[in-house]
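Read off the chains here:
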Amino acid sequence: MNSEASPEAISTASIESHRNYLLRYALLQLRDQGAAEDAVQDTLLAALQGAARFSGKSSLKTWLTGILKHKIIDQMRRQSREQPLVSGDDEGSESEAVDALFLEDGHWRQPPSNWGDPDKALENKAFIEVFEQCAKNMPAKTARAFMMREVMELSTDEICKELEISTTNCWVMLHRARLSLRECLELKWFGKQS
Amino acid sequence: MTLPRIKLPMLVRRTIVKNLNCKDVSVLISRQHDQLLTTGERFWLRLHLYICNGCRNFANNMQVIRAAMKHYLDKDK
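Throughout what follows, the structure given in this document is the object of discussion. Please read all numbers here as calculations on a predicted model, not as lab measurements.

1. Here's the deal with the interface of chain A and chain B
- The interface is formed by 41 residues belonging to chain A together with 32 residues belonging to chain B.
- For the pair chain A and chain B, the summed buried area comes to about 3,300 Å², and 64% of that belongs to carbon and sulfur atoms.
- Viewed at the interface, chain B and chain A are joined by 6 salt bridges.
- Its salt-bridge partner being K61 of chain A, residue D74 of chain B comes within 2.6 Å of it at the nearest N-O pair.
- Applying the counting criterion to the chain A and chain B interface returns 17 residue pairs in polar contact (both at pLDDT 80 or more).
- The element best represented in the side of chain A that touches chain B is helix α10 (residues 167-193) of chain A, accounting for 10 residues.
- Of the residues contributing to the side of chain A that touches chain B, the split by class is 22 nonpolar, 8 polar and 11 charged.

So this is what it looks like as structure tokens:
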């Protein structure tokens with residue numbers, strides 16, 4: 001046994017140290033404090049009970065995130081059973097919302113601007129707050145698909161299956177999500193910087 | 001990134017945009033984050049990006065958004 005290569009020891013403290021990260025992760029996807037906390041709590045519990053299964057091949061954070069993904073999916077299924085997202089305000093109008101950003105000939109109504117050096121923004125605490133706000137402001141359904149893609153890193157096939165939507169609809173949703181997040185950041189941050 | 005940009009003749013520019021306008025390009029740039037594009041799609045996309053500032057900015061904005069998401073999740077340490 002090589003002691004230097006021994007896996008990261010699992011203790012309550014080491015697991016707890018990732019709580020904030022896990023909560024932020026869950027909150028982006030679930031958009032509900034209670035549901036996010038439940039998912040994280042279930043994850044920490046499962047991690048402690050299953051500590052023996054942690055091989056140390058991946059980092060503890062990666063392992064915990066893997067468990068969290070499953071717990072988030074559980075919560076999402078519960079959410080959609082208990083209070084399905086009301087269609088109407090942001091469904092059906094998906095492609096209309098995209099169309100609205102373009103002229104009839106397919107040109108940008110308002111061409112995207114150059115955001116300059118992104119690192120400068122990322123280092124700025126105020127930018128991160130704006131980013132969080134813009135993510136929260138995304139329409140519920142598009143946000144759900146977008147976060148499944150960008151946060152949970154699921155494939156579009158997995159997303160379509162989980163949300164029970166067609167592939168085409170899935171692409172449109174992701175596209176709309178990106179456009180709307182971009183618009184918000186341009187309006188609330190980058191447009192104001194120069 | 002900093003290729004010298006040659007001003008292409010109007011007719012060539014028109015042909016490029018006719019094949020793929022900004023709206024189509026935005027769809028491809030978005031889809032590029034989820035799936036490998038076909039050779040044809042990549043070809044027209046590159047040509048369009050070569051001549052179009054707005055879409056180049058859009059492609060760059062999308063990368064910033066991805067980076068921001070990672071940064072936001074990992075901001076503790």
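Having seen it, we continue.
2. Brief notes about the packing of aromatic side chains
- What the rule picks out here adds up to 10 aromatic pairs over all chains.
- A ring pair is formed by F43 of chain B and W44 of chain B, whose centres lie 5.3 Å apart and whose planes are at 80°; its orientation type is edge-to-face.
- Ring pairs connect the aromatic residues W115, F127, F131, W189 and F190 of chain A together with Y72 of chain B, which therefore count as one cluster.
- Taking NZ or CZ as reference, K61 of chain A lies 4.3 Å from the ring centre of Y21 of chain A, over its face.

3. Topic: the environment of W171 of chain A
- Checked against the element boundaries, W171 of chain A lands in helix α10.
- Separated by 25 residues in sequence, W171 of chain A and F146 of chain A place their C-alpha atoms 9.9 Å apart.

Procedures and definitions
Residues numbered from 1 in each chain as written. Chains lettered and ligands numbered in written order. Predicted model: local features only at pLDDT ≥ 70, side-chain atom pairs only at ≥ 80, totals over all residues. Heavy atoms only, no water. Contact = heavy atoms within 4.5 Å. Buried area = accessible area lost by both parts, 1.4 Å probe. Salt bridge = Lys/Arg side-chain N within 4 Å of Asp/Glu carboxyl O. Polar contact = N/O pair within 3.5 Å; in protein donor to acceptor, adjacent residues only side chain to side chain. Helix = DSSP H or I, 4+ residues; strand = E, 2+ residues; numbered from the N terminus. Nonpolar A, V, L, I, M, F, W, Y, C, P; charged D, E, K, R; others polar. Phe/Tyr/Trp six-rings, centres within 6.5 Å; stacked < 30°, edge-to-face > 60°. Lys NZ or Arg CZ within 6 Å of the ring centre and 35° of its normal.

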